[in-house]
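# Analysis of the macromolecular model
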Amino acid sequence: MSADGPAFTRRERWAWGAVLLFAVLLRTWDLGSRAFHHDESIHGWFTYQLVTQGEYVYDPIYHGPVQYLAVAASFLLLGDSDLSARLPAALGGVGLVAMAMLLRPRFGRGAALASGLLLAVSPNLLYFTRFCREDVWSLLGTFGLFLWLDRWWRTRRVGDLALSAVWGAVAFASKENFYVLGALMAPAVLAASWEPGRGFPVVAKLRALRGVLERHGAAIAGAFLLFFTLSELAYTLLLVHPESGNPAMQAISYWWGQHKVQRVGGPKTYYLPRILQYEAALALPALAWIAVRLRRFSAAERFVAALAVSSVPMYAWLGEKTPWLIVHQLLPFVPLAGAAWAALAASRTRALLVGGPAFAATLVSALSLSFWNPLLSPAHPRAESVVFTQTSPEMMPVVAEALRAAEAGASPAAAVSGEGVWPLSWYLRRVPVLWGLPDAGTRPPLVVVDEAKEEEAQRLLGGDYRAETVPLRSWWLPEVSLSPLRPTPRELATYLFTRRPWSPVGAQNVVVLRRPDGGRASR
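Residues numbered from 1 in each chain as written. Predicted model: local features only at pLDDT ≥ 70, side-chain atom pairs only at ≥ 80, totals over all residues. Heavy atoms only, no water.

## What about the packing of aromatic side chains?
Aromatic ring pairs: the centre-centre distance and the angle between the two ring planes describe each pair. Cut-off, in case you're wondering: Aromatic rings from Phe, Tyr and Trp, taking only the six-membered ring of Trp, are treated as a pair when their centres fall within 6.5 Å; an angle between ring planes under 30 degrees marks them as stacked, one over 60 as edge-to-face, and anything in between as tilted. The numbering of helices and of strands both runs from the N terminus, where a helix is a DSSP run of H or I of at least 4 residues and a strand a run of E of at least 2. Between buried and exposed lies partly exposed: a residue is buried under 20% and exposed over 50% of the maximum accessible area for its type, with that area taken using a 1.4 Å probe on protein chains only.
Counted under the stated rule, the structure contains 30 aromatic pairs. When the ring of Phe 75 is compared with that of Trp 426, the centres are 5.9 Å apart and the planes differ by 20°; the resulting orientation is stacked. Linking Phe 75 in helix H3 (residues 66–78) with Trp 426 in helix H19 (residues 421–427), this pair joins segments that are 351 residues apart in sequence. The exposure classification of Phe 75 matches that of Trp 426, with both residues buried.

Given below as structure tokens:
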């Protein structure tokens, strides 16, 4: 076996081909049909501005530039649409699955293949790689950073170290949780340094580190230089915006402030129940593998195990509680879970009795989340606990109405004020729209305002517009309490098997005002 791992057998090639094809189908099927999430509309709009106006300046609230550059490439090749905005993330998700092949030298053929399958069908990884979000690029960068760094450690090839630096730059220029990853290096490196029966041989480890630096110092320095060069080029948009050349202080100060004020807060138990609900086939085997095999782990395996175990309490402590952060906690569990499933598969009977139902339950959860119940609305009887908030499907007919008015020659085709600006800025990007309340005497065929502004808008419009209240974006915040007990065992069982929520789905409404002539363009 070479340092690159065992040669691929014909059977293994077919297996990997099937896994990758399955990953492609899951991530591209019906990709453009769901309404854009609030964040997606912002990302799509900013990318549209980058493509059409050449405008982009880094702002930590909207994360790093990698996503915008990837989506811009898609827009240039395929045109700008919901599908082309989501396609780069979907293909990135497939790339994440393919990267699991690099686990073969360290964890073995079976573990790598099982890891690839877990990455393909993980409900959260599937759902959030079908989004125009930055998380997939952060995952790719993080996975690539460690995979190629491990490859360099085994081969000492400078090219592998350079690729590790490239992927590290992708992670750094994608999402600010790169700094969280930096903090998690402390327990991971300590665990890797610990040796069963010897503890922490500090002197020996320092001598080994000095030896590595003496032999490979120039290559390591070059890798750091490559990392910083690529990061600077990305953040400054090829040096067009040098003011964004030092993103670290800006990012840390902003997100540390958000952590303290808990802008999107939640209990410290927010993530764990959702991980167990959707990812039991990934998290539980990994934890069992750690418990059973810890004293036989290599340094690299101890590193991964500590990174996995410390990620969950770290994100529980952080003030921001959003479901897409689950995927960053899951990634280090993957190779350990793959190793556990590979060991289980050594017995065909055990694999069928245990692995079959677990895989089926995971696949059903993935299909439910991404295909059967991705919509969220007070009118929709089902909800998924990781669909944090979603543009209500009732808004899409309003979008279609504004587009028809524009095609008929109305200018402006609509007026939009308040919360409706997102996602309508994206959907009406080519339509003449008055962004704000209309002036007295201006009578667009369609007006979208917050509920609190309905009376003022009617006064400006003359008072004869027909009003309809429409849910703009919806959410489900599960009510959990001990007294009274919520959910009850029956409510929880009903939810788990039918996805019927035990507490109501909430929504932020807007008022749609329609001109009494039906929106016909003036002649």
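## Notes on the nonpolar core
Stated precisely, the cut-off is as follows: Nine residue types can take part in a nonpolar core, namely buried Ala, Val, Leu, Ile, Met, Phe, Trp, Tyr and Cys, and a core is a set of them joined through side-chain atoms within 4.5 Å. Contact criterion: two residues are considered in contact whenever any of their non-hydrogen atoms come within 4.5 Å of each other.
Within the largest apolar cluster, 106 residues are counted, with the highest numbers of intra-cluster contacts made by Leu 119, Phe 143 and Leu 336. The element contributing the most residues to this core is helix H13 (residues 271–293), with nine residues. If we skip the residues at most four places from it in the chain, Leu 119 touches Arg 27, Leu 96, Val 97, Ala 100, Leu 125, Phe 143, Leu 331 and Val 334. Of all hydrophobic cores here, the second largest spans 28 residues; its members include Ala 85, Cys 132, Ala 402 and Val 416.

## Here we look at the pairing of strand E4 (residues 446–450)
Applicable threshold: Paired strands, as defined in this entry, are two strands with at least two bridges between them according to DSSP.
Of all five residues in E4, four are buried, a share of seventy percent or more. Here two bridges tie strand E2 (residues 414–416) to E4, and the two strands are oriented parallel to one another. By the bridge assignment, Ala 415 is partnered in E4 with Val 447. Pairing geometry for E4 and strand E6 (residues 506–514), over five bridges, is antiparallel. The residue bridging Val 448 from the neighbouring strand is Val 512, located in E6.

## Description of the pairing of strand E5 (residues 466–475)
In the sheet, strand E1 (residues 390–391) pairs with E5 via two bridges, with the strands oriented antiparallel. When the bridges of E5 are listed, Thr 391 appears paired with Arg 473. Inspection of the sheet shows E5 paired to E6 by nine bridges, in the antiparallel sense. Note on E6: the bridge partner recorded for Ser 474 is Ala 507.

## Concerning the side chain of Gln 390
Operational definition: Under this definition, polar contacts are N or O atom pairs within 3.5 Å; protein pairs additionally need one hydrogen-donor-capable and one acceptor-capable atom, and for neighbouring residues in sequence, both atoms have to be side-chain atoms.
Tracing the backbone through its elements, the reader meets Gln 390 in strand E1. The class for Gln 390 is buried, based on a relative accessible area of 1%. Here the side chain of Gln 390 touches Ala 35 through a polar contact of 2.8 Å, landing on its backbone oxygen.

## Notes on the packing of helix H9 (residues 158–172) against helix H11 (residues 202–235)
The condition is simple: What counts as an axis is a line fitted to C-alpha atoms, over the stretch in contact for a helix, and the angles between N-to-C directions run from 0 to 180 degrees. An angle below 35 degrees is read as roughly parallel, one above 145 as roughly antiparallel, one from 65 to 115 as roughly perpendicular, and any other as oblique. Crossing handedness: left-handed means the near helix sits turned counterclockwise from the far one by under a right angle, and right-handed means the same turn made clockwise. Basically, the charged four are Asp, Glu, Lys and Arg, the nonpolar ten are Ala, Val, Leu, Ile, Met, Phe, Trp, Tyr, Cys and Pro, and anything else, Gly included, counts as polar.
Interhelical geometry of H9 versus H11 gives an angle of 30° and a closest axis separation of 8 Å. The angle between H9 and H11 places the two elements in the roughly parallel class. Every pair of crossing elements has a handedness; the one defined by H9 and H11 is right-handed. Contact residues: H9 offers Val 158, Leu 161, Ala 162, Ala 165, Val 166, Gly 168, Ala 169 and Phe 172, while H11 offers Ala 219, Ile 220, Ala 223, Leu 226, Phe 227, Leu 230, Ser 231 and Tyr 235. For the contact of H9 with H11, the residue count by class is 14 nonpolar, two polar and no charged.

Functional significance is not addressed by these values, which are geometric in nature.
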